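Observations on the three-dimensional arrangement
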Amino acid sequence: MACSPRTLLDAQGRHIQYLRLSLTDRCNFRCSYCSVSNYEDGDRILSRPEIRRVVAAFAGLGVRRVRLTGGEPTLRREVVEIAADVRATPGIEEVALTTNGHSLRQLAVPLRDAGVLALNVSIDTLDAATLARISGRGARLHEVLDGIDAAAAAGFGSLKLNTVVMGGVNDGELGALVRHAWSRGATPRFIELMPFGDGVPVPTAVVKRKLTEQGVPLLPDPKRGWGPAHYMRGAGGHVGFIGAITENFCETCNRARITADGGFQACLGGSERLDLRDLLRAGASDEHLADAVQAALGRKGPRHHMDEAGARLVTLPMMGIGG
Ligand code: SAM
Ligand code: SF4
């Protein structure tokens, strides 16, 4: 591992090694649980050279893994080139990407060739009408399923299929989603709904019970990844769970986020942001950037408060911060 002269520690002493970088606020889906913004990209978002500079600065501070997200990152015209830039940054060991899957039929191979190692595809249902209900008319199931098949054929180091579980909407097809993922060599993961939009959250413990009822009995497993998911093991592979609300994972948080317009955000559930775009455009030196980031992390609180009453009023839109 490359040695970094500085180490990024937050106010709680947590070591930040993982950066989530939003490439655009735009999206062609309109998921009911995700706040939609209609911002155009233009000059307000970080340009490709600005992204290169920011990623290099974070790599110098010890960040080792970058996840490209959005909005929908594949809507950014330069997504493949940006992925290659990030991969080529000294110190960055892994590039990951999260997508709604609609354009993977065209982009899976170019993204893999650009150095994306880990791919997460969001799929909440295997039913076309339910998908339209959750994600709007722009979401076409056959495109997402074809995209997942293309990703499976391209052969990423890791392929995960993420499902946000919503009571009365998709909690009857959890077993089918697991079987579909396993049949494609992918790992299914179930995410608790966070309070950014509509929908009835289903606690992880209930999701596990429903999986057993729907033909997927699971056993505990020690596997952990870079993120907050924990895993269980079943007949066809692993299943991941992200209990964002009922299993607070803030204690082991190792990540920070940058919005498409260059806002550095230390916590998904917080509202403080440092404007890296303004700093970059004002000609800040690498040292100045690093100091500003370190100071922002120094103010990061011990945990998010999304599980508390009124949380919806204070959290930022998911679309702007990339999940
Ligand atoms: N458009 C891409 C996608 O959907 O995969 C990337 C961005 S999206 C904001 C990143 C992840 O956040 C997706 O897996 C999505 O399901 C998840 N997400 C969005 N809103 C959420 C919410 N309210 N609760 C839990 N997960 C959410
Ligand atoms: Fe778009 Fe992803 Fe938000 Fe759905 S979750 S609206 S696909 S950004």
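Provided above is the structure to which this section pertains.
By convention here, each chain's residues receive numbers from 1 onward along its written sequence. Naming scheme: in the order in which they are written, chains are lettered from A and ligands are numbered from 1. The predicted nature of this model means local features are confined to residues of pLDDT at least 70 and side-chain atom pairs, given and counted, to a pLDDT of 80 or more, with totals for whole chains, interfaces and linings taken over all residues. The basis for every side-chain value is the complete set of heavy atoms in the structure, and neither hydrogens nor water enter the calculation.

Details of the site of ligand 2
Near residues are defined by distance, with any heavy atom within 4 Å of the molecule or strand qualifying the residue. As a matter of local geometry, ligand 2 sits amid eight residues, with Cys27, Cys31, Cys34, Gly71 and Asn100 nearest to it. Think of it as three bins: nonpolar holds Ala, Val, Leu, Ile, Met, Phe, Trp, Tyr, Cys and Pro, charged holds Asp, Glu, Lys and Arg, and polar takes everything else, Gly as well. Residues of the shell around ligand 2, tallied by class, amount to six nonpolar, two polar and no charged.

Focus on helix H3 (residues 104-114)
In this scheme, a residue with accessible area under 20% of its type's maximum is buried, one over 50% is exposed, and one in between is partly exposed, where area comes from a 1.4 Å probe on protein chains only. Numbering of helices and strands starts at the N terminus; helices are DSSP runs of H or I of at least 4 residues and strands are runs of E of at least 2. Along H3, the positions that sit buried rather than exposed are Leu104, Leu107, Ala108, Leu111 and Ala114. One side of H3 carries all its buried residues, which in axial view fall inside an arc of 140°. Away from its buried face, by an angle of more than 90 degrees, H3 presents the exposed residues Arg105 and Asp113. Here a residue-residue contact requires only that any non-hydrogen atoms of the pair lie within 4.5 Å. Looking at the buried residues of H3, the elements they touch are helix H2 (79-87), strand E3 (94-99), strand E4 (116-122) and helix H5 (141-154). Following H3 by one or two positions, Gly115 has its phi on the positive side, about 110°. It is the directions from the helix axis to the C-beta atoms that the arc portrays.

Focus on the site of ligand 1
Close to ligand 1 lie 18 residues; Tyr33, Gly71, Glu72, Ser122 and Met194 are nearest. Residue Tyr33 places a main-chain N or O atom 3.0 Å away from a nitrogen atom belonging to ligand 1. Within the side chain of Glu72, an N or O atom sits 3.0 Å from a nitrogen atom of ligand 1. For the area figures, the Shrake-Rupley method with a 1.4 Å probe applies, and any residue is considered shielded solely by the protein chains shown. Protein contacts shield 94% of the accessible area of ligand 1, which totals 540 Å² for the unbound molecule. Among the elements of the structure, E3 and strand E6 (187-192) are those that each provide at least two residues to the shell around ligand 1. Grouping the amino acids of the shell around ligand 1 by side-chain chemistry returns eight nonpolar, eight polar and two charged. Polar contacts here mean pairs of N or O atoms no more than 3.5 Å apart (in protein, one a potential hydrogen donor and the other a potential acceptor; neighbouring residues in sequence count only if both atoms are side-chain atoms).

Some remarks on the pattern of salt bridges
Any carboxyl oxygen of Asp or Glu that lies within 4 Å of a side-chain nitrogen of Lys or Arg is treated as forming a salt bridge with it. Taken as a whole, this structure holds 20 salt bridges when the rule is applied. Between Glu143 and Arg140 there is a salt bridge whose closest N-O contact spans 3.3 Å. When its relative accessible area of 22% is taken as the criterion, Glu143 is described as partly exposed. Exposure remark for Arg140: the relative accessible area of 42% places this residue in the partly exposed category. A salt bridge links Asp261 to Arg273; its shortest N-O distance comes to 3.0 Å.

Observations concerning the packing of aromatic side chains
Stacked, tilted and edge-to-face are the three classes assigned to paired rings of Phe, Tyr and Trp, where Trp is represented by its six-membered ring and a pair needs centres within 6.5 Å; plane angles under 30 degrees give stacked, over 60 edge-to-face, the rest tilted. In the structure shown here, the tally under the stated rule is two aromatic pairs. Aromatic pair Phe58 and Phe264: ring centres 5.4 Å apart, planes at 45°, arrangement tilted. With Phe58 in helix H1 (residues 48-60) and Phe264 in strand E11 (residues 263-265), this pair connects stretches of sequence that are 206 residues apart. A relative accessible area of 1% means that Phe264 is categorised as buried. Directly above the ring of Tyr18 sits Arg65, whose terminal nitrogen or CZ lies 5.1 Å from the centroid. Consider the ring centre and the ring normal. A charge sits over the ring if Lys NZ or Arg CZ is within 6 Å of that centre and within 35 degrees of that normal. Geometry around Phe241 places Lys208 over its ring, the cationic atom sitting 4.9 Å from the centre.

Digging into the side chain of Lys210
Along the chain, Lys210 turns up in helix H7 (residues 204-213). When its relative accessible area of 19% is taken as the criterion, Lys210 is described as buried.

What about helix H6 (residues 174-183)?
An α-helical turn contains 3.6 residues, so any two residues separated by three or four positions project in the same direction. With seven of ten residues buried, H6 is to be regarded as a mostly interior element. Regarding H6, the residues found buried are Leu174, Gly175, Leu177, Val178, His180, Ala181 and Trp182. The inward-facing, buried residues of H6 contact H5, strand E5 (158-165), E6, H7, strand E8 (230-234) and strand E9 (237-242). The first or second residue beyond H6 is Gly185, which carries a positive phi of 70°.

A few points about the pairing of E9
As paired strands, E6 and E9 are joined by three bridges and run parallel to one another. Bridge pairing in E9 places Phe190 opposite Phe241. Following DSSP output, two strands are said to pair if at least two bridges run between them. Sheet topology places E8 next to E9; five bridges connect them, and they run antiparallel. Considered in E9, the bridge of Gly234 is made with Gly237. Between E8 and E9, which follow one another and run antiparallel, lie two residues.

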